[in-house]
Amino acid sequence: MALQPVFQETIAAVATATGAAGVGIVRISGPDAFTVADRLTSGKRAAANQPTHTLRRVTICDPNTQEPLDDALLAVFHGPRSLTGENVVEIQGHGGMVTLQRVLSACLAGGARAARPGEFTERAFRNGKMDLAQAEAVAALVSSQTVAAQRAALRQVSGELSDAVNEAAVVLQEALALIEASIDFPEEIGDADPVQVDAPLAHAETMVRSLLSTAGYGRRLQEGLTIVLAGRPNVGKSSLLNALSGTQRAIVTPIPGTTRDIVEEALNLQGLPVRALDTAGIRDTFDPVEQIGVARAREAMRSADVVVAVLDAADGTLTAEDVLLLESLAPQPHVVAVNKSDAADPAELIESATAVTPDAAIVPVSATTQEGLSLLSEAIVRTVTGNAAGAGSDAPLVTSARHEAALRAALDALLAARATLAEGLPLEMIAVDVHGTLQSLGEITGAATREEIIAGIFARFCLGK
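The rules behind the values
Residues numbered from 1 in each chain as written. Predicted model: local features only at pLDDT ≥ 70, side-chain atom pairs only at ≥ 80, totals over all residues. Heavy atoms only, no water. Helix = DSSP H or I, 4+ residues; strand = E, 2+ residues; numbered from the N terminus. Rg over C-alpha atoms; globule rule 2.2 N^0.38 Å. Buried < 20%, exposed > 50% of the residue type's maximum accessible area, 1.4 Å probe, protein only. Contact = heavy atoms within 4.5 Å. Pairing = 2+ DSSP bridges. 1 Å grid on protein atoms, 1.4 Å probe; cavity = no way out; pocket = protein on both sides within 12 Å on 5 of 7 lines; lining within 4 Å. Points joined across faces, edges and corners; volume = space filled by probe spheres on them. Nonpolar A, V, L, I, M, F, W, Y, C, P; charged D, E, K, R; others polar.

Undergrad: Quick question: what am I supposed to make of the overall build of the chain here?
TA: Secondary structure summary: the chain contains 17 helices and 12 strands in total. Taken over the C-alpha trace, the chain has a radius of gyration of 29 Å; the compact-globule value for 465 residues is 23 Å, which it surpasses by more than 25%. Dimensions of the chain, computed from the C-alpha atoms along their principal axes, are close to 85 × 80 × 35 Å. Looking at the chain residue by residue over its 465 residues, the buried ones come to 50%. Pairs at least 24 apart in sequence give 69% of the contacts found in the chain among residues at least 6 apart.

This is the structure we're talking about:
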């Protein structure tokens, strides 16, 4: 059956990084993809006659001057069995900015239009090759900073999140069928049994809540988080940063006030990308340089996702400065790390700290022996996300703020439907709330998403995707 194109224009873009590389790819997609390829390649064989999903060696030439541009492989994909659902050609040649840009210019001269950011993936979505959640996961896959983030994005590309959302929608359709049948055929069917209607609604609520429970961890997989190590001088903040990173990133000496500026290091905690900041020891000082460092430390604390307040187990109990620090952290997420626990019993200090900040996780650690570091990592992640085990979970993860907002809207409508049902109000009112829940779930997969939202999603993609 002949391909019926949804888009009339043929587009082209560089699909790989334009820096020095062994291989570079220029992708062409659209109804005239094969014609554009024929204008660039030597030989008599037409791209349309090349079997789908095959490669052949070609010389890429400027269509106007016939100057050879590259020795390449031509990959042909006949629609709809292609990335975009259209006819697609990939020119797989040599990497490098000059070569790739010359080949792309030849494609444009041959009749293609320069693709917009994300336009290939958008066409895949429009042509039914993937839903909106899968399409968004493509961008997340490209930008993943950790293995856990990459795995979560890959599972979304494969449709795990979409399947879970669609499963909840099917359950809601069961309830809606009972409601609407009773509304449309009251004499034949009679009033819907509230217990039968509520059962699928309750099941859907459980499913939506389960997805929402992953959002804290899932979003941080993509967005990352910033932690700040704070405390008095010489409590071991720099040593702790070095222990967490596995490097000698920060200078460590017995001299108080060694760290005077912010030292930054990238970490991977429980699969989350973390920006860790070691700061100057917080104390009153007459040294003007150290004063600047203390001011920067306080500023970093205010903007951190989590503050790790570092205490010294050798002190035995809290100092006045420790108490002031912990009290100042009450309004924001924080964890207490009782360092040097290998050198002294931390029990009394932990008890004292608990009295000041009872809701914070307090973890005995040793930067020297690395004891307690994994527990500290879990506490940091749990403080931000409410879930420290998300990296090992097989459940679909919600990694997008947009998806989380849609799920919360779905849950609100679902709770309203169940409340209306419990109050014995008319079935038409329950149906409105169930339809609202389905509308919110449809925003995740694209089944019910406004056009401006879709356009904004793909505009954030990189060129060539």
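Undergrad: What am I meant to see in unusual backbone geometry here?
TA: Working note: non-glycine residues mostly have negative phi, and peptide bonds are mostly trans. Residue Gly 79 is joined to Pro 80 through a cis peptide bond whose omega torsion reads 5°. For Pro 80, the position within the fold is in the loop between β4 (68-77) and β5 (88-93). Positioned with a positive phi, Gln 66 is a non-glycine residue whose angle comes to about 65°. Inspection of the secondary structure assignment puts Gln 66 in the loop between β3 (54-61) and β4. We classify Gln 66 as partly exposed; its relative accessible area is 47%. Backbone geometry at Asn 234 places phi at a positive 70°, although glycine is not the residue there. Here Asn 234 lies in the loop between β7 (225-230) and α10 (237-245).

Undergrad: Teacher, can you tell me more about the sheet that holds strand β6 (residues 113-114) here?
TA: By way of backbone hydrogen bonds, the strands of a sheet pair with one another, either parallel or antiparallel. In space, the six strands of this open sheet follow the order β3-β4-β5-β2-β1-β6, with mixed pairing throughout. Every interior strand has two partners, whereas the edge strands, β3 and β6, have only one. Pairing between β3 and β4: eight bridges, direction antiparallel. By the bridge assignment for β4, Cys 61 is matched with Pro 68.

Undergrad: It is not clear to me how the layout of surface pockets should be interpreted in this structure. Could you clarify?
TA: The method is simple in principle: a probe with the dimensions of a water molecule rolls over the atoms, and the space it marks as empty is what remains. If you add up the space inside the largest pocket, you get close to 420 Å³. Lining the largest pocket are 19 residues, and of these Glu 136, Ala 139, Ala 140, Ser 400 and Arg 460 lie nearest its centre. Of all the secondary structure elements, the ones that give two or more residues to the lining of the largest pocket are α4 (132-143), α9 (215-223) and α15 (401-422). Counting residues per element, the lining of the largest pocket draws most heavily on α4, at six residues. Class assignment for the residues of the lining of the largest pocket results in eight nonpolar, six polar and five charged.

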